[in-house]
Amino acid sequence: MASDAITYICKRTVVSTKPVQPGKYFPLSVLDRLMEKNHTRIVYYYPSMGYMEAAGELTKKLRESLSKLLTFFPKVTGRLQKNQEGSWMIKCNDAGVRMVEARAKGSVDEWLKNVDREKELKLVYWEDMFHEPYFWSTFYVQLTEFEEGGLAIGLSCSHLLADPNCATMFIKAWADTTLVGTMHTPPFFHSLPPRKFVNKKPKHKPYATLINHYKSTMERSIPGTSIAKHATVTLAFSDPMVRACMTMALTPGAPNPSPFQAIAGLFWVCLSKVKGMNEELIDMSLCLDTREELGLDKGFFGSCMVYNKVHAEYSLDQNKVAVAARAIGEVVSKMDNEGIMDLIEWLELDDHNKTLPLINGYDLICANLENLDSYWIGFEEGFKPSRVSYYVEPVFGHGQILVLPPPPGDSPLSRMVMVTLSEDEAIKLCQDNLILHFSPTVLMGTNKS
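For every chain, the first residue of the written sequence is number 1, and numbering continues from 1 onward in sequence order. Per-residue local features of the predicted model are confined to residues with pLDDT of at least 70, and side-chain atom pairs are confined, for both listing and counting, to 80 or more; whole-chain, interface and lining totals are unaffected and use all residues. In computing side-chain values, all of the structure's heavy atoms are included and hydrogens and water are not.

**Thoughts on the sheet that holds strand S13 (residues 364–368)**
Part 1: Paired strands are those between which DSSP finds at least two bridges. A run of H or I in DSSP counts as a helix once it spans at least four residues, and a run of E counts as a strand once it spans at least two, with each numbered from the N terminus. Ordered by their spatial adjacency, 7 strands build an open sheet running S12-S11-S13-S15-S16-S10-S17, and the pairing between neighbours is mixed. Every other strand in the sheet has two partners, leaving strand S12 (305–310) and strand S17 (441–444) as the edge strands with one partner each. Adjacent strand axes in the sheet meet at a mean angle of 25°, parallel and antiparallel pairs treated alike.
Part 2: Pairing of strand S10 (residues 230–237) with S17 involves 3 bridges; the strand directions are antiparallel. Paired with Ala 236 across the two strands is Thr 441, which belongs to S17.
Part 3: Every residue pair with non-hydrogen atoms within 4.5 Å of one another is taken to be in contact. Between N-to-C directions, angles cover 0 to 180 degrees, with each direction set by a line fitted to C-alpha atoms, over the stretch in contact for helices. Contacting strand S11 (284–289) and S12, helix H7 (residues 208–219) crosses the sheet at an angle of about 100° to S12.

**Things to note about the packing of aromatic side chains**
Each pair of aromatic rings is reported with the distance of its centres and the angle of its planes.
Part 1: By convention, a stacked pair of Phe, Tyr or Trp rings (six-membered ring in the case of Trp) has centres within 6.5 Å and planes under 30 degrees apart, an edge-to-face pair has planes over 60 apart, and any other such pair is tilted. This model, assessed by the stated rule, comprises 14 aromatic pairs.
Part 2: Ring centres of Trp 174 and Phe 379 lie 5.2 Å apart, and the angle between their planes is 85°; on these two criteria the pair is classed as edge-to-face. Taken together, the positions of Trp 174 in helix H6 (residues 164–180) and Phe 379 in the loop between S13 and strand S14 (387–393) put the pair 205 residues apart, joining distant regions of the chain.
Part 3: Three labels apply to residues, based on accessible area from a 1.4 Å probe with only protein chains included: buried if under 20% of the type maximum, exposed if over 50%, partly exposed otherwise in between. The buried category is assigned to Trp 174, whose relative accessible area is 0%.
Part 4: Taken together, the aromatic side chains of Phe 26, Phe 73, Phe 139, Phe 170, Phe 189 and Phe 301 make up a single cluster linked through ring pairs.
Part 5: Over the face of the ring belonging to Trp 88 we find Lys 82, whose NZ or CZ atom lies 4.5 Å from the ring centre.
Part 6: A ring is considered to have a charge above it if a Lys NZ or an Arg CZ atom is located within 6 Å of its centre and within 35 degrees of its normal. The ring of Trp 111 carries the charged tip of Lys 119 above its face, separated from the ring centre by 4.4 Å.

**Overview of the packing of helix H8 (residues 239–248) against helix H9 (residues 259–274)**
Part 1: With their axes 9 Å apart at the nearest point, H8 and H9 run at an angle of 75° to one another. Classified by the angle their axes make, H8 and H9 are roughly perpendicular. Packed against H8, whose contacting residues are Val 242, Cys 245 and Met 246, the element H9 presents Pro 259, Ala 262, Ile 263 and Leu 266 at the interface. Any angle between 65 and 115 degrees counts as roughly perpendicular, while under 35 counts as roughly parallel, over 145 as roughly antiparallel, and the rest as oblique.

**A closer look at helix H13 (residues 423–430)**
Part 1: If you check which residues of H13 are buried, you get Glu 425, Ala 426 and Leu 429. Viewed end-on, H13 has its buried residues packed into an arc of 105°, placing them on one side of the element.
Part 2: On its buried face, H13 sits against S10, H9, strand S16 (415–422) and helix H14 (433–438). Each direction from the helix axis to a C-beta atom contributes to the arc, which is the arc of those directions.

**Some words on the pattern of salt bridges**
Part 1: We define a salt bridge as a contact between a side-chain nitrogen of Lys or Arg and a carboxyl oxygen of Asp or Glu at a distance within 4 Å. Per the stated rule, a full pass over the model turns up 18 salt bridges.
Part 2: The shortest N-O distance in the salt bridge between Lys 11 and Glu 127 comes to 2.6 Å. Of this pair, Lys 11 sits in strand S2 (residues 6–14) while Glu 127 sits in the loop between helix H5 (117–120) and strand S8 (139–146), and the two are 116 residues apart along the sequence.
Part 3: Taking the relative accessible area as the measure of exposure, Glu 127 reaches 14% and is therefore buried.
Part 4: Ionic pairing is found between Asp 176 and Lys 172, a salt bridge with its closest N-O pair at 3.0 Å. One end of the pair, Asp 176, and the other, Lys 172, are both in helix H6, 4 residues apart, so they sit about a helical turn from each other.
Part 5: You can call Asp 176 buried: its relative accessible area is 7%.
Part 6: On the basis of relative accessibility, which here comes to 22%, the residue Lys 172 falls in the partly exposed class.
Part 7: Bridged by salt links that share partners, the residues Arg 12, Arg 63 and Glu 101 form one connected network.

**With respect to the layout of surface pockets**
Part 1: As defined here, a cavity is a set of points on a 1 Å grid over the protein atoms alone where a 1.4 Å probe fits but cannot get out. A pocket is an open set with protein on both sides within 12 Å along at least five of seven lines, and residues line them when an atom is within 4 Å of a point. Grid points are joined across faces, edges and corners, and a volume is the space filled by probe spheres set on the points. Taken as a whole, the largest pocket spans an internal volume of roughly 710 Å³.
Part 2: Considering the residues around the largest pocket, the lining is formed by 30 residues, among which Asn 165, Asp 289, Arg 291, Asn 371 and Leu 372 are closest to the centre.
Part 3: Every element with two or more residues in the lining of the largest pocket is listed here: H6, H9, S11 and helix H10 (291–294).
Part 4: In terms of residue count, H6 provides more of the lining of the largest pocket than any other element does, 7 residues in total.
Part 5: Its residues assigned to classes, the lining of the largest pocket comprises 11 nonpolar, 9 polar and 10 charged. Residues were grouped as follows: Ala, Val, Leu, Ile, Met, Phe, Trp, Tyr, Cys and Pro as nonpolar; Asp, Glu, Lys and Arg as charged; and all remaining residues, including Gly, as polar.

**Some details on the state of the cysteines**
Part 1: Cysteine sulfur atoms are paired as a disulfide whenever they fall within 2.5 Å. Inspection of every chain in the model, using the stated rule, returns 0 disulfides.
Part 2: Cysteine Cys 157 shares no disulfide, and the gap to the nearest cysteine sulfur, in Cys 166, comes to 8.2 Å.

**Concerning the packing of helix H2 (residues 57–69) against H6**
Part 1: Direction vectors running N to C along H2 and H6 enclose 110°, while the axes themselves pass 9 Å from each other. Here H6 runs roughly perpendicular to H2, going by the angle between their axes. Note that H2 runs across H6; the crossing there is right-handed. Each of Lys 61, Leu 62, Ser 65, Leu 66, Lys 68 and Leu 69 in H2 lies in contact with H6, whose residues at this interface are Phe 170, Ala 173, Trp 174, Thr 177 and Thr 178. Helix crossings get a hand from a simple test, with the near helix turned counterclockwise from the far one by less than a right angle marking a left-handed crossing and a clockwise turn marking a right-handed one.

This is the structure in structure tokens:
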């Protein structure tokens, strides 16, 4: 089958080189199960390696190393099944991972010059859950070799099993296995940690704001369809741009905003205006990785993304970006170990998550993914990805902002920002005076064809 410049060669199943222990299961945590309706899609672009391998040779090499890697990821090769309580778990049955092999015309560099959301998603295969989930693969890999040099690796997976951090860790482990034959960071499949009562404050009151956000979301009906026509804009902010944004976001007497707080505040203000709200801010929720707060090791394989609503009010004479950034900083500071454990314990009580809410279905979502090791993933010596794109699908509500790390060679303060909106709103965002004030580089936008 073919689609524009891409020819899909085949779809196959890749299994591990060693069978898993019979009768092995992995339960899914409450944070995992809340994300059942979402999936993650990632595309890694690798430029030409300076020499041309025979068509299919690189794909064969990567397929063989993936098979070796899967021995250490039985959760990835398993299939979904319900336990006696009706909650999802993974049965480790060595059913494997689906792999799509494809060819594309031109080179990676040429592709990136005019890529848009629709074209990019053709590089990362995905199938929605079947009516019989036991036969459905929760992970998909697509390898697209470009005829004139370069490779795109697409990974998609159910958010039930892996958040963007886990998906990145899986790709990194695959690259390490391909390059040196072993992983630097092996995965750990264990439950979320219990509360450390030595840290619990006397007369502790649960973090009601966070719990109430989840409670109100669960009580709302699930949106029927996502916003009409998506467009995704990718903007690159250099070190000076981020520093200027942090200066704009500074409130006298308050702590200095982090790069994430400043950028999130900037886009919160701009997107509110794009959506016609000039005197107030639209509803927005933050999506934060809580591994550090929960004391989890880097190899923990499970969802740790937690959502929390942000509230901010300002007068007409105030610096809107500063007000927004300060409100974001206050929410981030409150999401500590005790607050996250309050939420987990509440979710586990009577298993509220059986209502299967769409946690990211209503507000503008701003996710902090700036600590991902996206650009340190090399399948060949000396060749790292030139660009990496992330999608957390589907997108509902007011849209989505993903704050991502910069590519190699950029300053540590540089950031990539991917914004998904309706098509007309994406055009307005690119024309917004406040965004244009910082002059970010548009890597993917609505003007690409």
